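Spelled out from the first residue to the last, the chains are:
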Amino acid sequence: MSFRGNRRNFRNRHHSRGESSRYRNNAPRNFHNHGQNRQFFSKESFTESEVGITEYVGDHEGFSGVIKARFSDFHVNEISQTGEIAKLTDLAVPKSFVPAVPTDDELVEDTTLLSADVWEKLRELSKCEEKNFEIDCNFSKEQRTLIHESIRRVFGNKIVTNTKEVNDKKIISFTKNKGNAADNRFVWPKDLGEYVHFIVYKESVDTVEATFKISDCLKMKSSLFTYAGVKDKRAKTSQWFSVRKVDPRKLIQRTKCLRYIHIGNISFRDEPLKLGHLSGNQFRIALRNVTAEDALIDIALQSLKVNGFINYYGLQRFGADKEVPTYKIGVSLLKGNWKEACDIILTPKASEDPTSEIAEAKRAYKETNDSNIASQKFSRFYNKCVESKLLLGFTKNHENDYVNALDNIPRTMRLLYLHSFQSLVWNKIVSKRIKKFGLKPIVGDLILLSEAELPPAEVDELDRPTEEEPEAENTSPTRLEVKILTENDLSTYTIHDVVLPLPGYDITYPENEVKDWYKEILEEHGLTLELSKQKVKTYNLSGTYRKILAQVKNLSWKTKKYNHPNDVLIRSDYEELNGEAEPQEHPTGQYKGLCLDFCLDSSCYATMVLREILKIDTSTSTQSKLNDYHSELSSEPTTTKDPNEESFAAPDSLLSDPAKYELFKQQIFANPSSDELKRKQPETIDSPPDKRQKTEQEDPTIKIQPSLV
């Protein structure tokens, strides 16, 4: 049997959907690249001090523990505004969804928007594809939606409608569907809300990437899907999504091909989800190789329970790679330096796989300054990453039209760049304030007058919606009223009441020395305190406020002994749904794990909670050093690994024994000149885009991760 056949059997054995996810997660990704070819993953990440994270609340002694040794040690479940926890419990289509058969009345041609002549042309088009035509579009977005729906209701999938812009003028085109499309005419059930809400369970996939993949399966724009918050990549996460009038049967069936994404718990509502429509998140986290005695662990957690933690923005806010920090892109956008922002996004990075599509596209753009040539480096399967979106934006517009090219990047992603800079400023200010004035209010501090909870920064700072990403009708941010403390107020409030602003054009700064600190930091980056509005309204930030300290809720913990770094310590929602048992402790295990369960308000970072407990740096570089503790790996040569991979091989796997693994490689590659190997190797490296795409879709674990910069 050929090596390719062996590899396929190995892959299927460990990644089969029916297999226990314990073994699925243990199988290494990018198997054929394991070893010396992984040097390009050597990213230099930020340390905490470099983004302003330096202080602590508690005075307890810190101790060692490994954070996110495996992505399966980090579980996040969204909490809705009503307090419901997002948990995947049902993969079926709701029985309540029964599409109605259109009646004769509902098939009547609506002439309120389209004339009788247009409907006559549509009838002819449904019978003959040579009758394609266009009309001028003088309709609002709502009217266009009604037109598309009425045509679909009468003609099903026989006619394709599309709104496009030609010579700065919008038109609607009507074309005959050339495929053998089924007649999918049906009327949305009148007794159900038109927005489909569903839970998305993901393993090592972030929210933005999941949106791209789901929309790709359904052949829809990713902007049509909405969600309440963005979840991390290196975790197992469950959160709500919503989309308007999509058949839930199609939603379930067409996304079954997504290996690490599962959809379920479908319901129907009258309103869509919007950013910020959540009250917080539940976290279940396992820390590994904890060195402290149980008494010290209890002291640290009791301190957290009583005193809370500094509400820092975590390291993930600033991007995974120090080489291209997200806040630098944000500064360029705030200053209106559109070309500079584009150049930073498309700058080749030393940490990227030089053979990946992203790296090849960046090199092509740098060498030719031609977005068409660079865009061709991406296969369709990968055209959803930020770099590809930006390059496609150039191809749609002029090569020097940087503003419109940036608009092709999802607005939520562009806003993350802006928020990254604001977060950097806030972190540095809060550290300096605590270091100088301690954990007590001072004259000139700010207190929120409203008792309502602070909205997350991602929502409150938005200046206006776009047509593709609509928000509520009243989109003007509500100005939050604050009180400036006087000497007489100091006995009334505590540090838990004090807020610090995130810079914007519509906020109040503290009336004390802290205001001067803001001015200094902003001027270092060529900005002013006011962050004056600019012509491109998308990049205007009103600013908001954030409490200096935050509290954990429903905190509980337990220690658990284990023997191997790959022992599962927390059962996921999907594993529970499949009937897998709760992981059991090994009473005589050589290592101690600490399992935590707690809830946080939205926009708070769980890693900052862990930092307060352990009092160690949470950066990737620090944690990777702590993670090399297992005795079985002491003889292995040190290699730089992709941080998104699980860290260790299963105890009984080939990769857990270095000597056997080396022997295995020698046997496989003993005859590199063989015809079989020559014939098969190019398929994994230099395939044409269509072949490579097929391979990646068969096994998504071997693709190079699209970058979010």
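Please read all numbers here as calculations on a predicted model, not as lab measurements.

Here is what the cut-offs are and how they apply
Residues numbered from 1 in each chain as written. Predicted model: local features only at pLDDT ≥ 70, side-chain atom pairs only at ≥ 80, totals over all residues. Heavy atoms only, no water. Helix = DSSP H or I, 4+ residues; strand = E, 2+ residues; numbered from the N terminus. Expected span 1.5 Å × (residues − 1). Buried < 20%, exposed > 50% of the residue type's maximum accessible area, 1.4 Å probe, protein only. Arc of directions from axis to C-beta. Contact = heavy atoms within 4.5 Å. Phe/Tyr/Trp six-rings, centres within 6.5 Å; stacked < 30°, edge-to-face > 60°. Lys NZ or Arg CZ within 6 Å of the ring centre and 35° of its normal. Pairing = 2+ DSSP bridges. Axes fitted to C-alpha atoms, helices over the stretch in contact; angles between N-to-C directions. Salt bridge = Lys/Arg side-chain N within 4 Å of Asp/Glu carboxyl O. pLDDT = per-residue confidence, 0-100. Core = buried A, V, L, I, M, F, W, Y, C linked by side-chain atoms within 4.5 Å.

**Student:** What should I look at first to understand helix 4 (residues 141–155) in this one?
**Tutor:** One full turn of an α-helix is made of 3.6 residues, so residues set three or four places apart face in the same direction. Over its 15 residues, helix 4 extends 21 Å from the first C-alpha to the last, a length consistent with the 21 Å expected when each residue adds 1.5 Å. Turning to helix 4, its buried residues are Arg-144, Ile-147, Ser-150, Ile-151, Val-154 and Phe-155. All buried residues of helix 4 fall inside an arc of 130° around its axis, so they share one side. On its buried face, helix 4 sits against helix 3 (116–125), strand 3 (159–166) and strand 4 (169–176). Looking one or two residues past helix 4, Gly-156 carries a phi angle of roughly 65°, positive in sign.

**Student:** I would appreciate a short explanation of the packing of aromatic side chains in the present structure.
**Tutor:** How two aromatic rings sit relative to each other is set out by the distance from centre to centre and by the angle between their planes. The full count for this structure, using the stated rule, is 19 aromatic pairs. Taken together, a centroid distance of 5.7 Å and an interplanar angle of 25° make the contact between Tyr-201 and Tyr-574 stacked. Of the two residues, Tyr-201 sits in strand 5 (residues 195–203) while Tyr-574 sits in helix 17 (residues 573–577), which places them 373 residues apart along the sequence. An identical accessibility class is assigned to Tyr-201 and Tyr-574; each is buried. Above the plane of the ring of Tyr-313 lies Arg-546, whose end atom (NZ or CZ) is 3.8 Å from the centre. The ring of Trp-426 has Arg-546 lying over it, and the distance from NZ or CZ to the ring centre is 5.6 Å.

**Student:** Got a minute to help me understand the environment of Leu-549 in this structure?
**Tutor:** Take Leu-549: it is sitting in strand 15 (residues 549–550). Beyond its immediate chain neighbours, meaning those up to four positions away, Leu-549 contacts Val-57, Asn-307, Phe-309, Ile-310, Asn-311, Leu-439, Ile-495 and His-496.

**Student:** Would you mind showing me how to read the sheet that holds strand 11 (residues 446–448) here?
**Tutor:** The strands that make up a sheet pair up through hydrogen bonds in the backbone, lying either parallel or antiparallel. In space, the four strands of this open sheet follow the order 12-11-13-14, with antiparallel pairing throughout. Two strands in the sheet have a free side with no partner beyond their single neighbour: strand 12 (482–484) and strand 14 (544–547). Ignoring strand direction, the axes of neighbouring strands in this sheet form an average angle of 50°. The pairing of strand 11 with strand 12 spans three bridges and is antiparallel. By the bridge assignment for strand 12, Leu-446 is matched with Ile-484. On the sheet, helix 14 (residues 411–437) packs against strand 13 (498–502) and strand 14 and is oriented at approximately 145° with respect to strand 13.

**Student:** Sorry if this is basic, but what is going on with the pattern of salt bridges here?
**Tutor:** Oppositely charged side chains can form a pair if their charged atoms are brought close together. Scanning all chains against the criterion turns up 30 salt bridges. The closest approach of N and O atoms between Glu-48 and Arg-611, which form a salt bridge, is 2.8 Å. Taken as a pair, Glu-48 in the loop between helix 2 (21–26) and strand 1 (74–79) and Arg-611 in helix 18 (residues 606–614) lie far apart in primary sequence, 563 residues in all. Here Glu-48 matches Arg-611 in class, with each residue buried. Here Glu-576 makes a salt bridge to Arg-571, at a shortest N to O gap of 3.9 Å. By relative accessible area, which is 33% here, Glu-576 ends up partly exposed.

**Student:** Teacher, can you tell me more about the sheet that holds strand 3 here?
**Tutor:** One open sheet accounts for three strands, arranged 2-4-3; its pairing is antiparallel. Looking at which strands have only one partner, the edges of the open sheet turn out to be strand 2 (133–136) and strand 3. Pairs of neighbouring strands in the sheet enclose a mean axial angle of 25°, with direction left out of account. Note that strand 3 and strand 4 share eight bridges and pair antiparallel. In the strand pairing of strand 4, Thr-161 is matched with Phe-174. Together, strand 2, strand 3 and strand 4 form the strand contacts of helix 3, whose direction differs from that of strand 2 by roughly 160°.

**Student:** Teacher, can you tell me more about the confidence of the model for the protein here?
**Tutor:** For residues with low pLDDT, the predicted coordinates do not support detailed interpretation. Model confidence for the protein is summarised by a mean pLDDT of 79, while 75% of its residues fall at 70 or above. Considering each helix and strand of the protein separately, the mean pLDDT is smallest for helix 22 (residues 682–685), with a value of 34, and largest for strand 10 (residues 309–310), with 97. Low pLDDT, under 50, characterises residues 1–41; the predicted model gives this stretch 80 contacts beyond four residues in sequence or across chains.

**Student:** Teacher, can you tell me more about the nonpolar core here?
**Tutor:** If you look at soluble globular proteins, the nonpolar side chains tend to sit buried side by side. Core analysis: the largest hydrophobic core is formed by 104 residues, its most contacted members being Phe-598 and Ile-613. Setting aside its immediate chain neighbours within four residues, Phe-598 contacts Asn-281, Gln-282, Phe-283, Ile-285, Val-552, Lys-553, Asn-554, Leu-555, Ala-606 and Val-609. Ranked by size, the runner-up nonpolar core spans 27 residues in total, among them Val-196, Val-205, Ala-210 and Phe-268.

**Student:** I tried to follow the pairing of strand 2 on my own but got confused; where do I start?
**Tutor:** Look at any regular strand and the pattern is simple: side chains alternate between the two faces of the sheet. Only one face of strand 2 is buried, namely the one carrying Phe-133 and Ile-135, since none of Glu-134 and Asp-136 on the opposite face is buried. Where strand 2 meets strand 4, four bridges bridge the pair, whose relative direction is antiparallel. Across the sheet, residue Phe-133 finds its bridge partner in strand 4, namely Phe-174.

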